[in-house]
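Chain and residue survey
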Amino acid sequence: MEGSSIRTLEKICVLCGEKYGKDGSYVKVAQRLGEALGKRGINLIYGGRSLGLMGCVSTAVAVHGR
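Overview of the structure.

About the criteria used
- Residues numbered from 1 in each chain as written.
- Predicted model: local features only at pLDDT ≥ 70, side-chain atom pairs only at ≥ 80, totals over all residues.
- Heavy atoms only, no water.
- Axes fitted to C-alpha atoms, helices over the stretch in contact; angles between N-to-C directions.
- Helix = DSSP H or I, 4+ residues; strand = E, 2+ residues; numbered from the N terminus.
- Parallel < 35°, antiparallel > 145°, perpendicular 65-115°, else oblique.
- Left-handed = near helix turned anticlockwise from the far one by under 90°.
- Contact = heavy atoms within 4.5 Å.
- Core = buried A, V, L, I, M, F, W, Y, C linked by side-chain atoms within 4.5 Å.
- Buried < 20%, exposed > 50% of the residue type's maximum accessible area, 1.4 Å probe, protein only.

Between two packed helices, what matters for the description is the angle formed by their axes and the separation of those axes. Contact geometry for helix H1 (residues 25–39) and helix H2 (residues 52–63): axes closest at 7 Å, N-to-C directions at 30 degrees. With respect to their mutual orientation, H1 and H2 come out roughly parallel. As H1 packs across H2, the resulting crossing turns out to be right-handed. Contact residues: H1 offers Tyr26, Val27, Ala30, Gln31, Leu33, Gly34, Glu35, Leu37 and Gly38, while H2 offers Leu53, Cys56, Val57, Ala60 and Val61.

If you look at the biggest cluster of nonpolar residues, it comprises 11 residues: Val14, Val27, Ala30, Leu37, Ile42, Leu44, Leu53, Met54, Cys56, Val57 and Val61. Looking at this core, the elements that each hand over two or more residues are H1 and H2. If one sorts the elements of this core by residue count, H2 sits on top with five residues. Filtering out sequence-adjacent residues up to four positions away, Ala30 remains in contact with Leu53, Cys56 and Val57.

This part covers the side chain of Ser58. Of note, Ser58 is situated in helix H2. Judged by relative accessible area, Ser58 falls into the buried class, the value being 10%. Those residues in contact with Ser58 that sit more than four places away from it in its chain are Leu44, Tyr46 and Ser50.

The structure is reproduced here in structure tokens:
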């Protein structure tokens, strides 16, 4: 389309629990999400502390890029 522009995702807000949950697969998914965000250079916005699943996401983002 003429005159259209493609915007890239720069930031994303994620809200997760401060516990790990009963299913261990939640931790793996949280870590994979954080890794993907970090590698793509997407800034994570979150309102929780770095505990539980939220901690998994934020740590993975930091380790893999942001």
